[in-house]
Amino acid sequence: MGRRIRKLVSGIVFLGLVGGAAFWWLTKPAPWPADHWEGLGEPDLANGEQIFWAGGCVSCHAKPGSEGDAKFVLAGGAPLKSPFGTFHAPNISPDETAGIGSWTLAEFGNAMTRGVGRNGEHLYPSFPYASYARMTPKDINDLWGYMKTLPKASDVAPGHELPFPFNIRLALGGWKLLFLTDTPRVAIDGADPKLARGQYLVEGPGHCGECHTPRNALGGLEPAQWLAGAPNPEGEGRIPNITPGSKSIGGWSASDIASYLETGFTPEFDSVGGSMVEVQKNMAKLIAADREAIAAYLKAIPAL
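In short, a report on the structure. (Residues numbered from 1 in each chain as written. Predicted model: local features only at pLDDT ≥ 70, side-chain atom pairs only at ≥ 80, totals over all residues. Heavy atoms only, no water.)

1. Remarks on the packing of aromatic side chains
Now for step 1: Under the counting rule described, the total for this entry stands at 11 aromatic pairs.
Now for step 2: Centroid distance Trp 175 to Phe 179: 5.2 Å. Interplanar angle 55°. Geometry classified as tilted. You can see Trp 175 and its partner Phe 179 sitting in helix α7 (residues 172-179), four residues apart, about one turn around the helix.
Now for step 3: Assessed through its relative accessible area of 12%, Trp 175 is described here as buried. (Phe/Tyr/Trp six-rings, centres within 6.5 Å; stacked < 30°, edge-to-face > 60°. Helix = DSSP H or I, 4+ residues; strand = E, 2+ residues; numbered from the N terminus. Buried < 20%, exposed > 50% of the residue type's maximum accessible area, 1.4 Å probe, protein only.)

Below is the structure:
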């Protein structure tokens, strides 16, 4: 009898080890191969600046309320409260010690699009790499080149404040297996260059769905509710529905949306408020054609 029990226990342990090894293999950090970041040439700094504003880097990584040149000091530290704990945006200035100035393009690109840190660790998806995964290597290269021109900041951002088990990064590999993809969020007319550009900006660098789409219990976006509005992760109220079925902007024309992104004023002459203030300021920096592309995409997606 004792021999059978020992065999049973040994079998369970063996299966556990095999299962654990399989889980690790399927969920280990997966950066791009080195040649993915090769041959991109000198960065286009003008395009890099446009991607910088589309990505909203200032909103999380500059000190709250920064104006003028202070917006370009990306010292980090701003807290992002969530059901999983409080995340703190890191210093992403070109400082070689406190920031990311000593990183390579590949390290930066893998963090942006694969959620893999410089030391091969999983990054938390409070950093919206699940959206940035759709960005092209060229735009990553251009953005990296532009960011290296910004001021250095020696501030060391605080670490995340996460309870167990969310402080265990190993589990993030499972999250990525479920939710990290570079496929389009919705099907649109890809032959229309304006719509394709709008889709790229909204679903990729603009990461609009990170706030405007509800999440499931694991923190993954609900694909069937793309941009249909979501609870405000930082407290009161809701982030609005921005599909054509929205009660707030569903009746706006594409030109109304583009104008709002540029000026901050609605067709009713109300003004932008809440966390959208910083987003609108970023969108105002884009070229008009990109704001028009975003508006065209928002009018073309399913109404919810």
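2. Focus: the pairing of strand β2 (residues 85-88)
Now for step 1: Sheet topology note: the strand β1 (residues 79-82)/β2 ladder contains four bridges and is antiparallel. Each residue of the ladder has a partner; that of Lys 81, found in β2, is Thr 86.
Now for step 2: Taking the residues that link successive antiparallel strands as the turn, the β1-β2 hairpin has two residues. (Pairing = 2+ DSSP bridges.)

3. Thoughts on the layout of surface pockets
Now for step 1: Empty space within the second largest pocket amounts to approximately 200 Å³.
Now for step 2: Residue lining of the second largest pocket: 19 residues in total, with Arg 134, Phe 179, Thr 181, Arg 185 and Leu 221 positioned closest to the centre.
Now for step 3: Within the residue set of the lining of the second largest pocket, elements represented by two or more residues are α5 (129-132) and α7.
Now for step 4: In terms of residues, the lining of the second largest pocket owes the most to one element, α7, which gives three residues. (1 Å grid on protein atoms, 1.4 Å probe; cavity = no way out; pocket = protein on both sides within 12 Å on 5 of 7 lines; lining within 4 Å. Points joined across faces, edges and corners; volume = space filled by probe spheres on them.)

4. Notes on empty space enclosed by the protein
Now for step 1: Applying the stated criterion across every chain yields a total of one cavity of 30 Å³ or more.
Now for step 2: As a volume, the largest cavity reaches approximately 30 Å³.
Now for step 3: Surrounding the largest cavity, Ile 92, Ser 93, Pro 94, Ile 100, Gly 101, Trp 144, Met 147 and Lys 148 form its lining.
Now for step 4: For the lining of the largest cavity, the per-class residue count stands at five nonpolar, two polar and one charged. (Nonpolar A, V, L, I, M, F, W, Y, C, P; charged D, E, K, R; others polar.)

5. A few points about a nonpolar patch on the surface
Now for step 1: Together, Phe 164, Ile 168 and Leu 170 line one region of the surface with nonpolar side chains, adding up to about 330 Å² of accessible area.
Now for step 2: Structurally, the position occupied by Phe 164 is in the loop between α6 (137-147) and α7. (Patch = residues over 30% accessible without salt bridge, like charges linked within 9 Å, V, L, I, M, F, W, Y side chains within 5 Å. Areas by Shrake-Rupley, 256 points an atom, 1.4 Å probe, with all protein chains shown as cover. Salt bridge = Lys/Arg side-chain N within 4 Å of Asp/Glu carboxyl O.)

6. Here we look at the packing of helix α10 (residues 254-263) against helix α11 (residues 276-283)
Now for step 1: For the pair α10 and α11, the least separation of the axes is 6 Å and the interaxial angle reads 100°. Viewed along their axes, α10 and α11 adopt a mutual orientation that is roughly perpendicular. For the pair α10 and α11, the contacting residues are Tyr 260, Leu 261, Glu 262 and Thr 263 in the first and Met 276, Gln 280 and Met 283 in the second.
Now for step 2: The residue inventory of the contact of α10 with α11, partitioned by class, reads four nonpolar, two polar and one charged. (Axes fitted to C-alpha atoms, helices over the stretch in contact; angles between N-to-C directions. Parallel < 35°, antiparallel > 145°, perpendicular 65-115°, else oblique. Contact = heavy atoms within 4.5 Å.)

7. Examining the state of the cysteines
Now for step 1: Under the definition given, this model contains zero disulfides.
Now for step 2: In this structure Cys 208 is a free cysteine whose sulfur lies 9.0 Å from that of Cys 211, the closest cysteine sulfur available. (Disulfide = S-S within 2.5 Å.)

8. Some details on the side chain of Ser 131
Now for step 1: Along the chain, the position of Ser 131 falls in helix α5.
Now for step 2: You can call Ser 131 buried: its relative accessible area is 2%.
Now for step 3: Beyond its immediate chain neighbours, meaning those up to four positions away, Ser 131 contacts Glu 203, Gly 204, His 207 and Glu 210.

9. Here we look at the pattern of salt bridges
Now for step 1: Within the structure shown, the criterion is met by nine salt bridges.
Now for step 2: For Asp 290, the salt bridge is made with Arg 197, and the minimal N-O distance between the two is 2.9 Å. With Asp 290 in helix α12 (residues 288-300) and Arg 197 in helix α8 (residues 193-203), the pair connects residues that are 93 residues apart, well separated along the chain.
Now for step 3: Taking relative accessible area as the criterion, Asp 290 reaches 6% and is therefore assigned buried.
Now for step 4: Take Arg 197: its relative accessible area is 29%, and that puts it in the partly exposed class.
Now for step 5: Each of Glu 67, Lys 71, Glu 278 and Lys 281 takes part in a single network of salt bridges with overlapping partners.

10. Quick look at the packing of helix α2 (residues 45-54) against α6
Now for step 1: Between α2 and α6, the least distance of the axes is 7 Å, while the angle of their chain directions is 95°. Between α2 and α6, the angle falls in the class roughly perpendicular. Contact residues: Leu 45, Asn 47, Gly 48, Glu 49, Ile 51 and Phe 52 in α2; Lys 138, Asp 139, Asp 142, Leu 143, Gly 145, Tyr 146 and Met 147 in α6.
Now for step 2: When the residues that make up the contact of α2 with α6 are grouped by side-chain class, the tally is six nonpolar, three polar and four charged.

11. Describing the nonpolar core
Now for step 1: Counting 47 residues, the largest nonpolar core has Phe 52 and Tyr 297 as its most contacted members.
Now for step 2: Elements represented by at least two residues in this core include exactly α2, α3 (57-61), α4 (105-114), α6, α8, α10 and α12.
Now for step 3: Those residues within four positions of Tyr 297 in sequence are excluded, and the remaining contacts are Val 186, Ile 188, Leu 195, Gly 198, Gln 199, Val 202, Glu 203, Trp 226 and Leu 227.
Now for step 4: The next biggest cluster of nonpolar side chains, apart from the first, holds eight residues, and it includes Ala 111, Leu 123, Trp 175 and Phe 179. (Core = buried A, V, L, I, M, F, W, Y, C linked by side-chain atoms within 4.5 Å.)

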